[in-house]
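# Secondary and tertiary structure notes
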Amino acid sequence: MKLKILVTAGDGIGPEVTNEAIAVLRDVAALGGHTFDFDFKRIGGIAIVQDGTPLPADTLAAALDSDAVFLGAVGGNEFNSLSPDKRPEAGLLGLRAALGGFANLRPAFAFKELAVNSPLRPEIIDGADILFVRELLGGLYFGQPREWDRAKGEAWNTMRYTRDEVARVARIAFQLAGKRRNKLTSVDKANVLEVSQLWRATVIEVAAEFPGVTLEHQYVDAMAMHLMNRPRDFDVVLTENLFGDILSDESGVITGSLGMLPSATIGGKVNLYEPIHGSAPDIAGKGLANPMGAILTGALILRYSAGLEAEAAAIEAAARKVLEQGFRTADLARGNTKDFKVLSTTEMGTKVRETVKTMLVNA
Ligand code: NAD
C-alpha cells in the first residue's frame, strides 16, 4: 500500500500531537511493508507569520495532490484581533472547502478506564460506540439567503438541502453501518421542518439499497436525550449539518476528554483527518498535550484512506491497553498521581507506539 499524506500540523499543540501520530504511522508502514510518504506544509497562524496568509498556495496545491491530509490544529491568541477572513481558522475553512468533503465522521466511544472523567454514570456509557456522520457542506451554515439586517433589527438564515446532497451522505452512512453493527439512526425534525421531511424521505429511498442495515428515525430533540440516557443503543448516527454539530459535541462527554477524539471528513477530492481539539495555546510547548486524539486520527487514515482495517484496529486497541495499564496524560489524570502514571506527550506517544508494534508483530 502506497499513501501520500500531507501533514499540516498548524499551531499550538498541533505539531506536538501530530509528531506522535506520524511516528505510529511510520511504524505501521515499516512493519507491514507499506510506503507512506509524508510531506509537511504550513497552515493557520504559523503560515500567517511566515507566508502572510493562513492558507498558502503551495499548501493547497500539495493537499490536492495528496491521498490524505492530516491536520493538527490552528489558532492562537495573538491572531484573535484579525478579521475572520485573515485569521488562522480561515486557512482551515479554505482547506475544507477546497477538498470538498461532505461527510464528517466523528466517533464517540467510551473508554472504561476514563469513565470517571465523564459526567455520565459508568453503567450508562460502558460499551457505547457511536459513529456520527454529519453532513458538512449544506444546511443552515451554507444556505442562501442569509443576512443580518441591522437597520430592520432582523436576521435570517436558510436551511436548504437538495435530494442529491442528502442521498450522497446517506449512502456513506449506510455503507459504514454495514461494516459495523448494521444499524443506522437518521436524525431530523420532520414533525416541523420541510427540509427534514425531504431528508427523511430521501434516507428511506436510499435505505432500499442497503437491506442488511436497520434504519430508524429520531427527532433531534428526542435524540439529544436518548444519547445521554442510552448511548449504547446507537451505532451510526446520520444527521444534517447543524444537528450534527450539536449532537456530536454533546456526545463528546461519553469519551470524557476532548484530547481523545479523532475525526475524518470524506467524500470529496481528498479526505481530511483531524483531531477534534483545537491548538490549546494554554498548554502548548509544555509536553502536556494528549496525543491520543491525533494518534486515533492516524487510525482513521488507515481505515478510510488505506483500507488497512487490522492496523487501524490495532492502534485503537493499543490506546485502550495503555489506559488499562494506568498510563495517563495530565488532562486524563486530573491531578491523580496516586493511581496513574502521568506521561508527557512524547512518553505517551512512545507507549502507544510500542504497544501497537507488539500487537502487530504478535497478530
Ligand atoms: P481547545 O480544544 O484548543 O482547548 C480547550 C481546552 O482543552 C484547553 O484547556 C486545552 O488545554 C484542552 N485541550 C485541548 N486539546 C487537548 C489535548 N490534546 N490534550 C490536553 N488538553 C487539551 O479549544 P479552545 O481553547 O477553545 O481554542 C484554542 C484555539 O484553537 C482557538 O484559536 C480556536 O479557534 C482553535 N481551534 C481550532 C480547531 C481546529 O484547528 N480544528 C478546533 C477548535 C479550536
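For the structure itself, look to the data block above.
Since the model is a prediction, treat every value here as computed from it, not as a measurement. (Residues numbered from 1 in each chain as written. Predicted model: local features only at pLDDT ≥ 70, side-chain atom pairs only at ≥ 80, totals over all residues. Heavy atoms only, no water.)

Attention shifts here to the overall build of the protein. On a plain count of helices and strands, the protein comes out with 13 helices and 14 strands. For the protein, the C-alpha radius of gyration of 20 Å lies close to 21 Å, the compact-globule estimate for 363 residues. The C-alpha extent of the protein, read off along each of the three principal axes, is 55 × 50 × 40 Å. In the protein, which comprises 363 residues, the proportion classed as buried is 53%. (Helix = DSSP H or I, 4+ residues; strand = E, 2+ residues; numbered from the N terminus. Rg over C-alpha atoms; globule rule 2.2 N^0.38 Å. Buried < 20%, exposed > 50% of the residue type's maximum accessible area, 1.4 Å probe, protein only.)

It is worth spelling out the packing of aromatic side chains at this point. Given two aromatic rings, their pairing is described by the distance between the two centres and the angle made by the two planes. Scanning the model with the defined rule gives three aromatic pairs in all. Between the aromatic rings of F109 and F111, the centroid separation amounts to 5.3 Å while the plane-to-plane angle is 90°, which identifies the pairing as edge-to-face. Judged by its relative accessible area of 9%, F109 falls in the buried class. Relative to W199, the ring of Y161 has its centre 5.5 Å away and its plane inclined at 65°; by these criteria the two rings are edge-to-face. With Y161 in the loop between β7 (154-156) and α6 (163-178) and W199 in helix α7 (residues 194-207), this residue pair connects regions lying 38 residues apart in the sequence. (Phe/Tyr/Trp six-rings, centres within 6.5 Å; stacked < 30°, edge-to-face > 60°.)

Side chains of a nonpolar character, in soluble globular proteins, are inclined to be buried together. Judged by nonpolar contacts, the single largest core of 90 residues is most densely connected at I5, F36, V133, F174 and L238. The residues touching I5, leaving out its near neighbours within four places in the chain, are L25, F36, D37, F38, D39, A68, F70 and I301. With 13 residues, the next largest nonpolar core counts L6, L55, A62 and V69 among its residues. (Core = buried A, V, L, I, M, F, W, Y, C linked by side-chain atoms within 4.5 Å. Contact = heavy atoms within 4.5 Å.)

What follows covers the site of the ligand. The full set close to the ligand counts 20 residues, and E89, G278, A280, D282 and N290 are the nearest of them. Within the backbone of V74, one N or O atom sits 2.9 Å away from an oxygen atom of the ligand. Here a nitrogen atom of the ligand and a side-chain polar atom of H277 are 3.5 Å apart. Coverage of the ligand by the protein chains reaches 69% of its 790 Å² of free accessible surface. (Near = heavy atom within 4 Å. Polar contact = N/O pair within 3.5 Å; in protein donor to acceptor, adjacent residues only side chain to side chain. Areas by Shrake-Rupley, 256 points an atom, 1.4 Å probe, with all protein chains shown as cover.)

With that settled, the discussion passes to the pattern of salt bridges. A complete count under the given rule lists 25 salt bridges for this structure. Between R303 and E316 there is a salt bridge, and its shortest N-O distance comes to 2.9 Å. You can see R303 sitting in helix α10 (residues 292-304) and its partner E316 sitting in helix α11 (residues 309-324), a full 13 residues away along the chain. Of the charged contacts in the structure, one is a salt bridge between K338 and D339, with a shortest N-O distance of 3.7 Å. Each of the salt bridges in this network shares a partner with another, and the network as a whole consists of D129, R180, R181 and D235. (Salt bridge = Lys/Arg side-chain N within 4 Å of Asp/Glu carboxyl O.)

Looking at the element boundaries, E274 is found in strand β12 (residues 271-275). Judged by relative accessible area, E274 falls into the buried class, the value being 6%. Polar side-chain contacts of E274 include one of 3.3 Å to the side chain of R96. With residues up to four places along the chain from it excluded, the contact list for E274 reads L71, L92, R96, P262, S263 and T297.

Below, the discussion takes up the sheet that holds strand β10 (residues 236-239). Ordered in space as β2-β1-β3-β12-β11-β4-β5-β10-β8-β9, the 10 strands form an open sheet in which the pairing is mixed. The strands lining the two open edges of the sheet, one partner per strand, are β2 (35-40) and β9 (214-219). Taken pair by pair, the neighbouring strands of this sheet meet at an average axis angle of 25°, ignoring direction. Relative to β2, strand β1 (residues 2-10) is paired through six bridges, and the arrangement is parallel. Looking at β2, one finds that K4 is bridged to D37. Its contacts with the sheet put helix α9 (residues 241-255) on β4 (103-109), β5 (129-135), β8 (183-188) and β10, and the angle it makes with β5 is roughly 160°. (Pairing = 2+ DSSP bridges. Axes fitted to C-alpha atoms, helices over the stretch in contact; angles between N-to-C directions.)

In this structure Y161 comes out as buried when scored by relative accessible area, which is 8%. Once you skip the residues sitting within four places of it in the chain, Y161 turns out to touch E135, G138, G139, V166, V195, L198, W199, E240 and N241. A distance of 2.8 Å separates a polar atom in the side chain of Y161 from a polar atom in the side chain of E135. For Y161, the side chain forms a polar contact with the main-chain nitrogen of N241, separated by 3.1 Å.

Residue P145 is reached from Q144 by a cis peptide bond, and omega for that bond is 0°. Within the secondary structure layout, P145 lies in the loop between β5 and β6 (147-149). Backbone geometry places A280, a non-glycine residue, at a positive phi of 40°. Tracing the backbone through its elements, the reader meets A280 in the loop between β12 and α10.

Further remarks concern the packing of α11 against helix α13 (residues 345-361). Closest axis-to-axis distance for the α11/α13 pair is 8 Å, and the angle between their directions is 125°. Comparing the axis directions of α11 and α13 gives the class oblique. Judged by the sense of rotation from one axis to the other, the crossing of α11 with α13 is right-handed. Of α13, the residues touching α11 (which contributes E311, A314, I315, A317, A318, K321 and V322) are M348, K351, V352, T355, V356, M359 and L360. A per-class count over the contact of α11 with α13 returns 10 nonpolar, one polar and three charged. (Parallel < 35°, antiparallel > 145°, perpendicular 65-115°, else oblique. Left-handed = near helix turned anticlockwise from the far one by under 90°. Nonpolar A, V, L, I, M, F, W, Y, C, P; charged D, E, K, R; others polar.)

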